[in-house]
Structure formats: structure tokens, C-alpha cells
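# Report on the structure
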Amino acid sequence: MDIKRVAIDAVNETIVMTVVHMDYKGQVAKRINEKMPLATVKGFRKGQVPKDLVEKQYGKAIKQEEVKKVVDLALERFIQSERLNLLGTPLAKENENFDWDAEELTFEYEIGLVPNFEIDLEAKNNIVKYIVTADDKLIDGQVERIQKQFGKAIPQDKVDADSDLTGTFSNEEKGINNTTTISVSTFNKKAGDKFIGKKVGDVVTVSTKGLFEDDHQLMDYLKVAHDDVHGLDIEVNFTIEAINGAELAELNQELFDKLFGEGKVASLEDLKAKIKEDAEAQFAQQADQKLLLDVQDFLIENTKFDLPAAFLKKWLQTVGEKKLSAEEAEVEYARSEKGLRFQLIEGKAMAQSNIQITFEDLKAFTTNAIRQQMAQFGQTNPTDEEVQGIVARVLSNQEEVKRLSEQVVAEKLLEVFKEKANPTTKEVTYEEFIAASYGE
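Residues numbered from 1 in each chain as written. Predicted model: local features only at pLDDT ≥ 70, side-chain atom pairs only at ≥ 80, totals over all residues. Heavy atoms only, no water.

## Notes on the nonpolar core
Judged by nonpolar contacts, the single largest core of 31 residues is most densely connected at Leu299, Leu307, Leu344, Ile345, Leu413 and Phe417. The set of elements that each furnish at least two residues to this core consists of strand S3 (86-92), helix H8 (268-302), helix H9 (309-316), helix H10 (326-352) and helix H13 (398-420). Considering every element that reaches this core, the biggest residue donor is H10, with eight residues. Counting 24 residues, the second-largest nonpolar core is a separate cluster that includes Ile182, Val184, Ala191 and Val224. (Core = buried A, V, L, I, M, F, W, Y, C linked by side-chain atoms within 4.5 Å. Buried < 20%, exposed > 50% of the residue type's maximum accessible area, 1.4 Å probe, protein only. Helix = DSSP H or I, 4+ residues; strand = E, 2+ residues; numbered from the N terminus.)

If you want it as C-alpha cells, here you go:
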């Protein structure tokens, strides 16, 4: 067998393979012999069919099967031996004039290669690392929300600006159908005003664009996926099922202990300090996520390399349960190209920065995530045995391992980006951060 690479350009090649009779004849002969005792041909008893008739009846199909096995194995070994870094998988080139009876059988496979490029993590940029602070307005608003949450609900006939609404958000096209409780003040003013004076049973239609101060709130109230929240611009209906005012809860030690554990908060000043601490920890995560996205966008824009686009569009037509048309593959490629580019950039950044993910990294990350989730549900002091039991169950699920590994990679890359990209630091309020993030 002869096998070689034919370069087309830096990211496209063809693998050409020539198979001769010696490569497969032994296995074909073995299969024919195995077939003889089972072969049935009219006029002959089972097992008594002459070999030439068996070969005539089954030989072509057996030859094609054995040649395919030889070709598939040789192709796999060749890719490994050449250490080819592929995008997609090899595509067999069609040959309408292919002759299975020829002495030499030639097979050609198109391949797309990962491009060779470098990234400059320290390139001059205008990236901003935001330090988000909780101002008095936000803290006072959170204090009021706590008082309303733990206060006494008072049914109302009509909605006013301070009402809490229970109802269902729906949009059939997007599959949104979520029942929730929300304060009128949570909406932006334009949307909130639509609810004033409404009664139980009324349906209010609002636009998701700018519905909340933070688009991420669409995840909480409408159960929209994170990938869909940014820039989502559709109309949703809210069917009002209950309207309540609130008699505010008294800010006393009993409430403080219920919220934070016995003796941890003892005054309004302590409460505000705790709210500020918790809010700014959450804001820091959001700011880190924005920094990561901003660095991604900068690197994608400023790291130039070619992709085997034509090959990948053809390849996309062959994968998945539903085969794509050329037009559908074009659309899918356009949708996924940016993600593919960053995936390659991410891999290069990890290699350049010598980032490696160990099982201990994954275990530590998962442990921390589990403790945070348990704390959200009031389990502030779980035992190590309880936590590690949950961690073991989570890490036994391969899908979860993949998802968590991606988060660990993102966390490690973020630290590299903070150091290498040297972003400008800017302290802002949460409202200013939202405006910077979404241009509102």
C-alpha cells in the first residue's frame, strides 16, 4: 500500500491511498472459505457449492468490505503517525468512475488542518477590568426586599407600584412558560407602568429587551438559557394570577438569625455590611465574566489565521443525526465560526502559558461549587464527608466532568488574562457596570 499527503494550502490537504491486491487478498480468501459451508445456490446442496460460484455470488461484496477495513485502519494509523491536528474528520472524495476490478484501488480523502498561528496576550488593548461596588441605593433596596420577602402579604384588587405579582411568563415560539413571583419595581419603568391598575386574570405583554436592569434576570424569571439572554428581543405575555402588597417585616434579631445564622448579624449596620459584602462578591464574578468575554472578543479580532472553511462546510453536511443541506451548513458554519476560532485560541493560550488541568484542580473546583450551592439553600456548615460524597457523585458523571472542566479552564485562563492583558482597572457602581455591559 502507498499512502501520502498532497498539500493544497496551509490548512487543506488530500490523503491519497493506493491499495493493491496483496493488501486484502488473504482476508478475502479466508472469508470465502468461511462462506462455503453456508452458501446456497440453486441446483447444489448446502455446503456443496463450487468455490468459483461462491466467489461469483459473494466475492465482490466481501472484497469491498475487506478493502474498507484495510483503508480505514491505514488512514487512522497514518493520521497518528503523521501527528496530524485535524479539524473535523477526513471526507472521502467521490469518484464516479471508480473501478472495483482494477489492479490498484486509489482512495482520496480531504482533510482540514488546525492552522499554525501565534497569539499575543500582552498586545496593547482598551480592555477594562471593572471593580463593581454596592452603593447605598442598591443596599437600601435590598434591605427593603428582605423586609417585603419576610413580611406579611396583603392581597390587593389592583396593581400599584409597590405590588408583588404572581403569574406566568409565556411565549409559545420560544417555549417560555414559567410561573414566578416578581415585584413591579423589578421591571424597568416603562414595562412596570404597563402593570399599574391591572387585575387578577389580566394579561400584560412586554418586550424582553431592557425588561430588567440586568439581562441575566431573564434566566431567573423567564428561565431563558444563559446563551440566549444577551440581546434577546421578543414579546412575552405575563398572566396575573395574584396581586399582593406587603406589611414590611421588622428588622430585629429574630429576622437576622433566620437569614444569616444565630448572632452573625446584630444590627441594621451589620445587615447592610453583610449585603454589601455578598453583593460585591457576586458582582466580582459578573465582572470577571465580562472581562473574560472582552478578552475573548479582543483575541478573536486581533489574532488572524485562516480556517479550512470550504472543507468544514462540507463536513458539517455529514455529521449529526439530521444531514444538512449546503445552505444549512453555510448557516451553521457562520453561527459556529467565532466559537471555533476562540476554541483554537484558547488551546494556544493554554499551551503558551503551560496551563494543565489535573484531577485535583477539578475536585477542588467542584468542592467549592458544591459548598456555595449548599450555602444558598441554608446549609452553611456541611461536613467534609457530606460534601465529598456529593463531589464523588458529580464527578462520576462524564457530562458533568466535561462541563466542570470547561469552567476550570476558563478560571485558569482568566487569571492569565488578568496578568498578561494588563487591563485598565475602573471602579463603578452596579448600575454603571450594567450600562457598560449592555449599553443601556
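Structure shown, so let's carry the discussion forward.
## Quick look at the packing of H8 against H10
The geometry of H8 relative to H10 is characterised by a closest axis approach of 10 Å and an angle of 95 degrees between their N-to-C directions. Between H8 and H10, the angle is such that the two are roughly perpendicular. On the side of H8, the interface is formed by Gln296, Asp297, Leu299 and Ile300, while H10 contributes Lys338, Phe342 and Ile345. Here the contact of H8 with H10 is composed, by residue class, of four nonpolar, one polar and two charged. (Axes fitted to C-alpha atoms, helices over the stretch in contact; angles between N-to-C directions. Parallel < 35°, antiparallel > 145°, perpendicular 65-115°, else oblique. Contact = heavy atoms within 4.5 Å. Nonpolar A, V, L, I, M, F, W, Y, C, P; charged D, E, K, R; others polar.)

## Thoughts on the side chain of Thr367
Following the sequence through the fold, Thr367 ends up in helix H11 (residues 359-376). Since its relative accessible area comes to 14%, Thr367 is described here as buried. Apart from residues lying up to four places away in sequence, Thr367 is in contact with Val387, Gln388 and Val391.

## Remarks on helix H7 (residues 253-260)
The α-helix winds at 3.6 residues per turn, so residues separated by three or four positions along the chain end up facing the same way. Taken as a whole, H7 has its buried residues at Leu255, Phe256 and Phe260. Axial view of H7: buried residues confined to an arc of 105 degrees, hence all on one face. Looking at H7, the residues exposed on the side facing more than 90 degrees away from the buried face are Glu254 and Lys258. Buried residues in H7 make contact with helix H3 (136-149) and H8. A positive phi of about 100 degrees marks Gly261, the residue just after H7. (Arc of directions from axis to C-beta.)

## Here we look at the pattern of salt bridges
Evaluation of the coordinates by the stated rule reveals 25 salt bridges. Across the pair Lys137 and Glu431 runs a salt bridge, and its minimum N-O distance is 2.8 Å. Of this pair, Lys137 sits in helix H3 while Glu431 sits in helix H14 (residues 430-438), placing them 294 residues apart in sequence. Judged by relative accessible area, Glu431 falls into the partly exposed class, the value being 39%. Lys338 is the partner of Asp297 in a salt bridge, and the nearest nitrogen-oxygen pair spans 3.0 Å. Separated by 41 residues along the polypeptide, Asp297 in helix H8 and Lys338 in helix H10 bring together distant segments of the chain. Residue Asp297 is classed as partly exposed on the basis of its relative accessible area, which comes to 36%. (Salt bridge = Lys/Arg side-chain N within 4 Å of Asp/Glu carboxyl O.)

## Re the sheet that holds strand S4 (residues 104-113)
The strand order across the open sheet formed by four strands is S1-S2-S4-S3, and the pairing between neighbours is antiparallel. Since the sheet does not close on itself, it has two edges, and those belong to strand S1 (2-9) and S3, each with one partner. Adjacent strand axes in the sheet meet at a mean angle of 20 degrees when their direction is disregarded. In terms of strand pairing, S1 meets strand S2 (residues 12-20) through seven bridges, oriented antiparallel. Within S2, the residue paired with Ile3 across the bridge is Met17. Contacting S2, S3 and S4, H9 runs over the sheet at an angle of about 65 degrees to S3. (Pairing = 2+ DSSP bridges.)

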